[in-house]
Amino acid sequence: MKNNVKFWVFSGVIIALVFVLTFTVKIPLPTGYFNVGDVIIMLSSILFSKSIGFMGGSFGSAIADIASGYTIYAPFTFVIKGLEGFICGLIFEKLEGKQKRWASFILSTMLSGIFMALGYFLSEACVLKYLSSALNINRDLQFGLKVALANLPFNLLQGTLSAIISIILAVPLYNNKFIGKMKI
């Protein structure tokens, strides 16, 4: 299979997996929700490529926000989750071979999870507060520094738990002869 076709097929599958896990496995928070879609974002970045991680993170997560009624988050999610996948894959690529593989798994997933939490913190504290009032939408959702600070531990927990689950799954999947040959 040519790499271009492989890229689009893998991207479509990962987008669907991220959407399904984000949309179906969620715990509501005061603004937004806790989910495990990040596991697929991190795994796809490590197993396939940073580009696949970006595609799955951006499109899969943003579509889940729209489907869940959190449309105001969708543009921010697109950027934050896409970059989470890209950063995870980029760090893994740079460390792979230079560090022990488990260290590469840990650093890439944990740092990308922290990036995700900080991205939502900044968007909730700064941009979403003004955007929601300017557009006069989502009166049920509250934004600002207080809300961002309240959500930060949950977002960090989501990033950390997703990283731990990703590491546990990445070790056997990365060493699998079939999956190991699918890197793009």
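Residues numbered from 1 in each chain as written. Predicted model: local features only at pLDDT ≥ 70, side-chain atom pairs only at ≥ 80, totals over all residues. Heavy atoms only, no water.

**With respect to the overall build of the chain**
What the chain contains, in helices and strands, is 7 helices and 2 strands. In the chain, the succession of helices and strands from N to C terminus is α-β-β-α-α-α-α-α-α. The burial tally for the chain puts 49% of its 184 residues in the buried class. By sequence separation, contacts in the chain at least 24 residues apart represent 75% of the contacts at least 6 residues apart. (Helix = DSSP H or I, 4+ residues; strand = E, 2+ residues; numbered from the N terminus. Buried < 20%, exposed > 50% of the residue type's maximum accessible area, 1.4 Å probe, protein only. Contact = heavy atoms within 4.5 Å.)

**Quick notes on the packing of helix 2 (residues 37–47) against helix 4 (residues 74–95)**
Their axes nearest at 8 Å, the elements helix 2 and helix 4 cross at an angle of 35 degrees. Judged by the sense of rotation from one axis to the other, the crossing of helix 2 with helix 4 is right-handed. Note on element contacts: helix 4 touches helix 2 through Lys81, Glu84, Gly85, Phe86, Cys88, Gly89 and Phe92, opposite Asp38, Ile41, Met42, Ser45 and Ile46. Grouping the amino acids of the contact of helix 2 with helix 4 by side-chain chemistry returns 6 nonpolar, 3 polar and 3 charged. (Axes fitted to C-alpha atoms, helices over the stretch in contact; angles between N-to-C directions. Left-handed = near helix turned anticlockwise from the far one by under 90°. Nonpolar A, V, L, I, M, F, W, Y, C, P; charged D, E, K, R; others polar.)

**Some points on the UniProt feature "transmembrane region" (unreviewed entry) in the chain**
Cross-referencing UniProt, the feature "transmembrane region" (unreviewed entry) maps to residues 6–27, 39–64, 70–92, 104–122 and 156–174 in the present numbering. In residues 104–122, the share of helix is 100% and the share of strand is 0%. The end C-alpha atoms are 27 Å apart. As annotated, residues 156–174 comprises 100% helix and 0% strand, and the C-alpha atoms at either end are separated by 25 Å. (UniProt positions renumbered as here; feature names shortened; annotations may be inferred.)

**Here's the deal with the side chain of Thr109**
Position of Thr109 among the secondary structure elements: in helix 5 (residues 101–135). Polar contacts involving the side chain of Thr109 include one to the main-chain carbonyl oxygen of Ile106, which spans 3.3 Å. Apart from the residues within four sequence positions on either side, Thr109 is in contact with Met42, Ile46, Cys88, Ala163, Ser166 and Ile167. (Polar contact = N/O pair within 3.5 Å; in protein donor to acceptor, adjacent residues only side chain to side chain.)

**Section: helix 2**
Counting buried positions over the 11 residues of helix 2 gives 11, a clear majority of the element. When we look at burial in helix 2, the residues that qualify are Gly37, Asp38, Val39, Ile40, Ile41, Met42, Leu43, Ser44, Ser45, Ile46 and Leu47.

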